[in-house]
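# Working through the structure, step by step
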Amino acid sequence: MLNPRLTETLTDFPFARLNSLIAPITPPAHLSMINMSVGEPQGAMPAFARQIVIDEVDGWNRYPPNQGLPDLNLAICEWLTRRYKLPQGLLDPNIHVHPTAGSKEGVYVISTVATPQEKGGAKPIVALPNPFYQAYLGGAVLSGGEPLLVNAEASNGFLPDYESVDEATWRRMSVVYLCSPANPQGAIASKDYLKNLLRLCRKYDTVLAVDECYAEIYTGAPPPGALEAALEIDETAGKDPFRNLVVFHSLSKRSNAAGLRSGFMAGDPRLVAMVLRWRSYGGPQIPFAVQKASAALWREETHPVQTREWYAKNFRVAEQILHNRFSYYTPGGGFFLWLDVGNGEEATRKLWGEAHVKVLPGAYACRETNGINTSHRYIRVALVHDEKTTREGLQRLAAVL
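You'll find the chain entered in an unreviewed UniProt entry as Aminotransferase class I/II-fold pyridoxal phosphate-dependent enzyme, with Reyranella humidisoli given as the organism. The Cofactor (unreviewed entry) comment attached to the chain in UniProt states, word for word, "pyridoxal 5'-phosphate".

Written out as structure tokens, the structure reads:
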């Protein structure tokens, strides 16, 4: 009576595995627990947005529009235009953008709307980087696609080498996922990488789905975006410049607003329209108060600077404590450390049992390819706490490992 794709294929959600791994271990009671396993920002959402949610009491008895409030869609277009230096007026709020319940909903749903029953004479393939965000795999499997995991390792700059995939596989490809900056390694895809990948996707009529939810958390230059890369491809005359492309953004990281559940997708109008159709049948509307607060957050540019400084302080602490250990590097974007500790599960158990610090084994964000889990040596450490807590957590980690 149950869907076997859910009961047989999606059985290894990483945090359930983590809890099972450390369940038999009693951590030291004299140390407070520091949870560095989850990428949940611990900073405060800006006060002005909290106040909007409080003040907007009149909308709770009405159904919000699935397509998004016009002012929110406009604010999103304005932000994309500013952030990626797009031509003024290029983005149409009515066709190029669509609000979603966080970027998670968007990256999951895109496989549902873009995966046909058959492609290239066989079961469609959905490609994703390995390691990956679990919503990509969920979207691939529950859409009926065959997941293709393409390793993103140190040897290839932690970006999946989709160009090495053979032509027969590309002909079956319905969706290709990319995360830039990457979770967990923080790698940033260059404009050339993005342009080459989009050209390939267009050649085989494949959707390129780029998760840019960490785009505002960076340690150097702002990461380029897929929308701006698309405008530099010399094949746009008379066509929508964003065809076969969608990007996903969220206020969770940019604005410390994970609980707001507010994000958006932008790009190919055909795909935007199909996601709206899907959400009209089965997706949750975003409350009026959340939409109004979101519009204000996308228009305000000082708080992301403060957020970046929060993480910059944490990376400076990490550099001081770990700079010559565990193949440490400061990532280009995101807020994770990807540390080579030899055996991720053993290190995770040891940190819990001796330091009361919770991290995620790298293997739990990855799946085996050719019988090998390429991330088994790593742990993922989320630097989401304040500077003092981050320092204590990393000092305990360094002392124990």
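All chains considered together, the criterion is met by 20 salt bridges. Note that glutamate 78 is salt-bridged to arginine 299, the shortest N-O span being 2.9 Å. Linking glutamate 78 in helix α4 (residues 70-84) with arginine 299 in helix α12 (residues 288-299), this pair joins segments that are 221 residues apart in sequence. Using a relative accessible area of 30% as the deciding quantity, one classes glutamate 78 as partly exposed.

Now for helix α14 (residues 344-355). Between the first and last C-alpha of α14 there are 15 Å, a value that for 12 residues agrees with the 16 Å anticipated at 1.5 Å per step. Against the buried residues of α14 lie α2 (14-22), β10 (357-358), β11 (360-361), β12 (378-382) and α15 (387-400). Where α14 begins, the capping side chain belongs to asparagine 343, and its oxygen is found 3.2 Å from the backbone nitrogen of glutamate 345. Once α14 ends, the next one or two residues include histidine 356, with phi positive near 55°.

Moving on, we come to the layout of surface pockets. The volume enclosed by the largest pocket comes to roughly 790 Å³. Lining the largest pocket are 35 residues, and of these Phe13, Phe15, Lys104, Tyr133 and Lys253 lie nearest its centre. Put simply, the parts of the chain that give the lining of the largest pocket at least two residues each are α2, α5 (102-114), α6 (134-142) and α10 (251-254). Element by element, the count of residues in the lining of the largest pocket is highest for α6, at five residues. Taken together, the residues of the lining of the largest pocket sort by class into 20 nonpolar, eight polar and seven charged.

Moving on, we come to unusual backbone geometry. Here serine 180 and proline 181 are connected by a cis peptide whose omega angle stands at -5°. The step from asparagine 183 to proline 184 runs through a cis peptide bond, and the omega angle for that step is 20°. Positioned with a positive phi, asparagine 256 is a non-glycine residue whose angle comes to about 55°. Residue placement: asparagine 256 occurs in the loop between α10 and β8 (263-267). With a relative accessible area of 16%, asparagine 256 lands in the buried category. With a phi angle near 50°, arginine 261 is a residue other than glycine that sits in the positive phi range. Relative to the helices and strands, arginine 261 resides in the loop between α10 and β8.

Conventions we followed
Residues numbered from 1 in each chain as written. Predicted model: local features only at pLDDT ≥ 70, side-chain atom pairs only at ≥ 80, totals over all residues. Heavy atoms only, no water. UniProt positions renumbered as here; feature names shortened; annotations may be inferred. Salt bridge = Lys/Arg side-chain N within 4 Å of Asp/Glu carboxyl O. Helix = DSSP H or I, 4+ residues; strand = E, 2+ residues; numbered from the N terminus. Buried < 20%, exposed > 50% of the residue type's maximum accessible area, 1.4 Å probe, protein only. Expected span 1.5 Å × (residues − 1). Contact = heavy atoms within 4.5 Å. Polar contact = N/O pair within 3.5 Å; in protein donor to acceptor, adjacent residues only side chain to side chain. 1 Å grid on protein atoms, 1.4 Å probe; cavity = no way out; pocket = protein on both sides within 12 Å on 5 of 7 lines; lining within 4 Å. Points joined across faces, edges and corners; volume = space filled by probe spheres on them. Nonpolar A, V, L, I, M, F, W, Y, C, P; charged D, E, K, R; others polar.

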